[in-house]
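Each chain, letter by letter, is given below.
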Amino acid sequence: MSHSNFSLLSGIAVTLLSTMASSHAQTPAGTANWQAGVVLDGAVTSKGLELGARDKGLGLGHSDLMVRGAFNEHFSGEAILGFHTQDKKLEQHVENAWVQTRSLPHGLQVRAGRFASQIGYLNELHPHADDFTERPLLYRGLLGGHWYDDGVRLNWTAPTPFYLRFGAEVFSGKKLVREATPDSTSLVSTLNMKMGNDIGPSSSWQWGLSHVQNKREAEVEVHDPAAEAHSHSASFSGKRMWISDLVWKWAPEGNNRNQQVRLNWEYAQVSGINRYADSTMRHRASSLGAVWKFTPAWEVGLRTDWLRVAKPEDHSGTIEFGNGRLTENAIMLAYKPSHMQTLRLQLTQQRASGANDDGEPVFAKPAGRSIQLQYVIAFGAHGAHSY
């Protein structure tokens, strides 16, 4: 990324932070309903990863400008302008622009606009808040890394002694599958459930189950061994997807200020790949990660992922499928002097296997090792996930 781009982004951050400070100084207590913030995510990468979102060399990862707050006692909203570098060029996109209810009875809540789907565990979180420099293969391969779309959501939180939430979403689906067949319907719907509870004073757990019904069938790409496409939509899709996620956290007496252990497991399966696929064909992916916060400012983490796909390709009018497997292992060390800053060093190793009928590999980078040094800094409001 050029020096001028970094200077521009730094200037935006400083200006917004100064404006916010001035605004809070002039606004009477209790009337400041709106917050703004900036997050910058920069990294130096030794080698780009298969299905990865970071270029080799110096680049900008998932960064954003955010504003959020309450319109009144009945509605709140959020808008996020995201930006990152790709092929050394700065790209931007509207990631969030939604309005949400605040006062519906009986645990109901409605959201409308553009927002991230709440399927799985990580998808509705901002990538710059992740524990690793890249999202698991499950998200990068099956959801484009971070699936946000235009739609409507209905949630119901049950009046139970433990946490229990049911949700339904309807999206346009164009962010999940960009190039669809002409006869596809432009709708993708989801059903999801989350439940969780404490285990004694020091542990807690959360389990989720999600289902995606996708009516947008992806166009089959023409076979090109030299092509190295970079897409923000799903690389591997199908009619139906199931995702199960399980999270367990431990901290002494529930206080995670000094120590914490976090375990996260997710599994996904996609069926109905397209009209040419055998009914037994599936895309499958799994991720298992562990992070140990051993002092207030230091964390170490391990993660292992795998992705198995049946990749369709158009070979001069003949549709062929290549069965491929990609595995990825990562180890990271993070220094967090405050909740607004993270300096992370990560080593990632990938291995790939599988080829189509012509002997061409399913994955463009059959093996590789990458070292990434990442720095994330936030100014102003900095959102955190509830679990």
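Draft legend 1. Spatial organisation of the packing of aromatic side chains. Counted under the stated rule, the structure contains eight aromatic pairs. Each ring, one from Trp-298 and one from Tyr-335, has its centre 4.9 Å from the other, and the planes form 40°; the classification is tilted. Remark: Tyr-335 occurs in strand β15 (residues 318-338) and Trp-298 occurs in strand β14 (residues 298-315); sequence separation between them is 37 residues. On the basis of relative accessible area, Tyr-335 is assigned to the partly exposed category, the value being 32%. Over the ring of Phe-115 we find Arg-111; its NZ or CZ atom is 5.7 Å from the centre of that ring.

Draft legend 2. Up close: the nonpolar core. Counting residues in hydrophobic clusters, the biggest one holds 31 residues, and the most contacted among them are Leu-142, Leu-143, Trp-147, Leu-176, Met-241, Leu-307 and Phe-363. Secondary-structure elements contributing two or more residues to this core are α2 (137-142), β11 (240-250), β12 (260-271) and β14. In terms of residue count, the dominant contributor to this core is α2 (four residues). Those residues in contact with Leu-307 that sit more than four places away from it in its chain are Leu-51, Leu-137, Gly-141, Leu-142, Phe-236, Arg-284, Ala-285, Gly-324, Arg-325, Leu-326 and Phe-363. Among the nonpolar cores identified, the runner-up in size contains six residues, and Leu-40, Leu-60, Ile-377 and Phe-379 belong to it.

Draft legend 3. Quick look at the side chain of Ser-271. Mapped onto the elements, Ser-271 comes out in strand β12. Judged by relative accessible area, Ser-271 falls into the buried class, the value being 12%.

Draft legend 4. Representation of the pairing of β15. Bridge count for β14 against β15 is 18 bridges, and the pairing is antiparallel. Bridge pairing links Lys-311 to Gly-322 in β15. Counted between consecutive antiparallel strands, the loop separating β14 from β15 contains two residues, among which Ser-316 sits at a positive phi close to 55°. Relative to strand β16 (residues 341-353), β15 runs antiparallel, the two sharing twelve bridges.

Draft legend 5. Fine view of the pairing of β14. Here eleven bridges tie strand β13 (residues 283-295) to β14, and the two strands are oriented antiparallel to one another. Opposite Arg-284, over in β14, you have Arg-308 as the bridge partner. What sits between β13 and β14 in their antiparallel hairpin is a turn of two residues.

Thresholds applied
- Counting of residues starts from 1 at the beginning of each chain's written sequence and follows it residue by residue.
- Where local features are concerned, this predicted model is filtered to residues with pLDDT of at least 70; where side-chain atom pairs are given and counted, the filter is 80 or more; whole-chain, interface and lining totals use all residues.
- Note: side-chain values were computed over all heavy atoms of the structure, leaving out hydrogens and water.
- Each Phe, Tyr or Trp ring, with Trp reduced to its six-membered ring, pairs with another whose centre is within 6.5 Å; inter-plane angles below 30 degrees give stacked pairs, above 60 give edge-to-face pairs, and intermediate values give tilted ones.
- Think of it this way: any DSSP run of H or I at least four residues long counts as a helix, any run of E at least two long counts as a strand, and we number them from the N terminus.
- Any residue under 20% of the maximum accessible area for its type is buried, any over 50% is exposed, and the rest in between are partly exposed; the area is computed with a 1.4 Å probe on protein chains only.
- Criterion for a charge above a ring: Lys NZ or Arg CZ within 6 Å of the ring centre, and within 35 degrees of the ring normal.
- Buried Ala, Val, Leu, Ile, Met, Phe, Trp, Tyr and Cys residues that are joined via side-chain atoms within 4.5 Å together make up what is termed a nonpolar core.
- We call two residues in contact when some of their heavy atoms are within 4.5 Å.
- DSSP bridges decide pairing: two strands pair if at least two such bridges lie between them.

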